[in-house]
Amino acid sequence: MKPELIIHCDWSTSGSKRWLAAARLSPEGLYEAAQPEPVGPTATMFSRLRAAVPTGPILAGFDFPIGVPEAYAKRASFGRFPEMLLRLGEGPWAEFYDPAVSPDEISLVRPFYPRTPGGTSKQHLLQGLGLSRAEELLRRCDRRTAARGNACEIFWTLGPNQVGRATIHGWRDVLAPAVRSGSISIWPFDGELPVLLASSGIVVLEAYPAETYSHLGLERGFGKRNREGRRSQAPAILSWCESNAVAVQPDLAARISDRFGSSDIGEDAFDAFIGLLGLIEAACDPLLCVAPPDDVVRSIEGWTIGTDSSGVHRVPALRKPRPQRHMEEDFRPTTPARTNPESEGCARLCPACQQKWFVRWPWGWDGHAAHGCAGVVGETPEERKRIYRERYLGQ
């Protein structure tokens, strides 16, 4: 059953930067996209959607995380995300939505960090939450794919790519009240998407516009924050809409070609619309609406619509030489590489993440440390390389 109305929201803590793009199902069974517009009052968002479409299913996508990493959930003793939402902000969890000011304030009941910049590190999050590896701050769907890099960590609240502050606002002010009132269901926690849509209710899910870029044929790294970068992708966007029978009115086509404007909200309207196209694609293709058959994903971590679980980063088998057992025993992560000169030029397991095999250690360590190593935490590629070099190369 196709949704009568599909919306996608690009979320922010600032009302002026919360934008919504919508498409209605026509009598002919095709979707007609409307101009992106501000979300408006969040307290009445779902009631306004239902008033616009009194009957039939509504699909609502948000670009903030909906779910938490397994490692955190285990330590905090949460089993299902919807029930978790009902507990946050109350009782022992009263400070959950209040970002920690200093590392010593980070805890399972206060996981967001930092409130302000200055002397902060993601390593503080690991230590404060009692986690041991950087990858434990990510859900499975947050890990990089061939089309995009890792998503930002849910609990991190600093920098242009952070999602923590929008997550706080989205959970506290939108999802939790709606779950409490029973006005929404959330995919994949509450069931398969076709079943949820068949109930004719409002179904909420997580979308990730960066995941959709490759589906639409957009160039990687085109520069969405730049007006010219957005304009360069207009032909691909309009071509996709035409190929997939998505009706785009002349004023919307003009706005797409005009890069969604040059103001600060141009990027927000752009991502709202791109996310909408991703939801339309998923609604028309059941194969894109399937979460992995994994209890952790379907109960606590969640999933981003349209993400192919087979493409989520795992250690590629072909890139791992088959070492002899004595090699595994020789190369331990606590042993700096430079203390064992004989290992140079030999195959070796990365001493930080214990995932990547170097065919000739340490060749290639810098690129791995800067962009791929899950065992090193740093704000920039250069910082991650410095930490890796000092810790594992003895330099």
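Our structure's up above, just so we're on the same page.
Okay, so let's go over this structure. Model, not experiment: these values are computed from the prediction.

Their axes nearest at 8 Å, the elements helix α14 (residues 365–372) and helix α15 (residues 381–393) cross at an angle of 125 degrees. One finds that α14 runs oblique with respect to α15. Here α14 and α15 pass one another in a crossing that is right-handed. Mapping the contact onto sequence places Trp 365, Asp 366, His 368, Ala 369, Ala 370 and His 371 in α14 and Pro 381, Arg 384, Lys 385, Tyr 388, Arg 389 and Leu 393 in α15. Classifying every residue of the contact of α14 with α15 by side-chain character gives 6 nonpolar, 2 polar and 4 charged.

The subject of this paragraph is the environment of Val 203. For Val 203, the position within the fold is in strand β7 (residues 202–206). By relative accessible area, Val 203 is classed as buried at 0%. Measuring from C-alpha to C-alpha, the distance between Val 203 and His 368 comes to 40 Å, with 165 residues separating the pair along the chain.

Counted according to the given criterion, the structure contains 19 salt bridges. The salt bridge partner of Arg 172 is Asp 173, with a shortest N-O separation of 2.8 Å. Ionic pairing is found between Arg 386 and Glu 390, a salt bridge with its closest N-O pair at 3.3 Å. In this pair, Arg 386 and Glu 390 are both assigned in helix α15, 4 residues apart and thus about one turn of the helix distant. For Arg 386, a relative accessible area of 33% gives the class partly exposed. Given the relative accessible area of 46%, Glu 390 is considered partly exposed. One continuous salt-bridge network, built from bridges that share partners, spans Glu 95, Asp 98, Glu 105, Arg 110 and Arg 115.

How each quantity is defined
- Residues numbered from 1 in each chain as written.
- Predicted model: local features only at pLDDT ≥ 70, side-chain atom pairs only at ≥ 80, totals over all residues.
- Heavy atoms only, no water.
- Axes fitted to C-alpha atoms, helices over the stretch in contact; angles between N-to-C directions.
- Helix = DSSP H or I, 4+ residues; strand = E, 2+ residues; numbered from the N terminus.
- Parallel < 35°, antiparallel > 145°, perpendicular 65-115°, else oblique.
- Left-handed = near helix turned anticlockwise from the far one by under 90°.
- Contact = heavy atoms within 4.5 Å.
- Nonpolar A, V, L, I, M, F, W, Y, C, P; charged D, E, K, R; others polar.
- Buried < 20%, exposed > 50% of the residue type's maximum accessible area, 1.4 Å probe, protein only.
- Salt bridge = Lys/Arg side-chain N within 4 Å of Asp/Glu carboxyl O.

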